[in-house]
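Summary of structural features
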Amino acid sequence: MRINSVLMVAVVLVVQTMLMPPPTSAEGQEQKIKWADNFDQALSLAQAQKKPILLDFFNPN
Amino acid sequence: MDAVTYPNQAVTQFVQNNLIAVRVRNDQPLADLFKVKWTPTLVLVDPEGKEVYRNVGFLPPDNLVPALMLGIGKLELQHGNYDKAIPHFDRVASKFPQSEEAPEAIYFMGVSRFKMNSDLKMMKETYNRLEATYPNSSWTRKAQPYGSVK
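This is a predicted model, so every value here is computed, not measured. (Residues numbered from 1 in each chain as written. Chains lettered and ligands numbered in written order. Predicted model: local features only at pLDDT ≥ 70, side-chain atom pairs only at ≥ 80, totals over all residues. Heavy atoms only, no water.)

Here's the deal with the nonpolar core
The biggest cluster of nonpolar side chains holds 41 residues, and the ones touching the most others in it are B:Val15, B:Leu19, B:Leu44, B:Leu64, B:Leu68, B:Phe89 and B:Tyr107. Only α1 (9–18), β2 (41–45), β3 (51–56), α3 (61–78), α4 (82–95), α5 (101–117), α6 (121–133) and α7 (138–143) of chain B provide two or more residues apiece to this core. The leading source of residues in this core is α3(B), at nine residues. B:Leu19 has contacts with A:Lys51, A:Pro52, A:Leu54, B:Phe14, B:Leu44, B:Leu68 and B:Ile72, leaving out every residue within four places of it along the chain. Ranked by size, the runner-up nonpolar core spans 17 residues in total, among them A:Ala36, A:Ile53, B:Val24 and B:Val36. (Core = buried A, V, L, I, M, F, W, Y, C linked by side-chain atoms within 4.5 Å. Buried < 20%, exposed > 50% of the residue type's maximum accessible area, 1.4 Å probe, protein only. Helix = DSSP H or I, 4+ residues; strand = E, 2+ residues; numbered from the N terminus. Contact = heavy atoms within 4.5 Å.)

Next comes the structure, spelled out in structure tokens:
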């Protein structure tokens, strides 16, 4: 009787898992910084969103 | 920065929520305009294009967020938005008390409070707090004259 109950719960859990929609591509992925394309675009965005601009000057070599 | 700092999720979240981020190669005209001589150089610019904060050299994730918070606080301070500056300085001091930005944040929180009500006791309280928590900081020395305010 007890084994039957455990089996029933296990079956329900398996079926529930099978019926769940697959995770979207965004789920589980690490968020990345979205860099603006250029300073002029950043200035426009900054004024519209009232946010400061972070300029990261880097050496590509 | 690419390998360690920017992939950090706390850094990513902070930048996404608070800033418009732009990457600029050091051989671009904008680097000359901002007189960048070494990389990495991070410059915080207000929406009008005026520089308000700069850091030269690598910053690990634990340092970048308080550095940027401090910069945003300074931006508000420079614009005279003292009430908006204080929460940024307060967050640096309370959430990152071990960071090198923390004593500077406490100092400028005191400056912002003084600017709001012209009461020098704000600066005395600032000095007392700095002396108690960061006795060896250069910001404690800078606040020292206010320790004798009656």
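Some details on the pairing of strand β2 (residues 53–58) of chain A
For a regular strand, side-chain orientation follows a simple rule: the groups alternate between the two sheet faces. Burial of β2(A) is extensive: five of the six residues sit out of reach of the surface. Of the strand pairs in this sheet, β2(A) and strand β1 (residues 20–25) of chain B are connected by six bridges, and their pairing is parallel. From the neighbouring strand, A:Phe58 faces β1(B), where its bridge partner is B:Arg25. The sheet contact formed by β2(A) and β2(B) spans five bridges and is antiparallel. Opposite A:Leu55, over in β2(B), you have B:Val43 as the bridge partner. (Pairing = 2+ DSSP bridges.)

A look at the interface of chain B and chain A
It is common to report an interface's size as the accessible area lost on association of the parts. Contacts between chain B and chain A engage 35 residues on the former and 25 residues on the latter. Taking both partners together, chain B and chain A bury about 3,100 Å²; carbon and sulfur atoms supply 65% of that area. Along the contact surface separating chain B from chain A lie one salt bridge. For B:Arg23, the salt bridge goes to A:Asp56, with nearest N and O atoms at 2.9 Å. Inspection of the chain B/chain A interface yields 18 residue pairs in polar contact (both at pLDDT 80 or more). Elements with a contribution of two residues or more to the side of chain B that touches chain A: α1, β1, α2 (29–33), β2 and α3 of chain B. Ranked by the residues each element gives to the side of chain B that touches chain A, the list is headed by α1(B), at seven residues. The class makeup of the residues in the side of chain B that touches chain A is 22 nonpolar, nine polar and four charged. (Buried area = accessible area lost by both parts, 1.4 Å probe. Salt bridge = Lys/Arg side-chain N within 4 Å of Asp/Glu carboxyl O. Polar contact = N/O pair within 3.5 Å; in protein donor to acceptor, adjacent residues only side chain to side chain. Nonpolar A, V, L, I, M, F, W, Y, C, P; charged D, E, K, R; others polar.)

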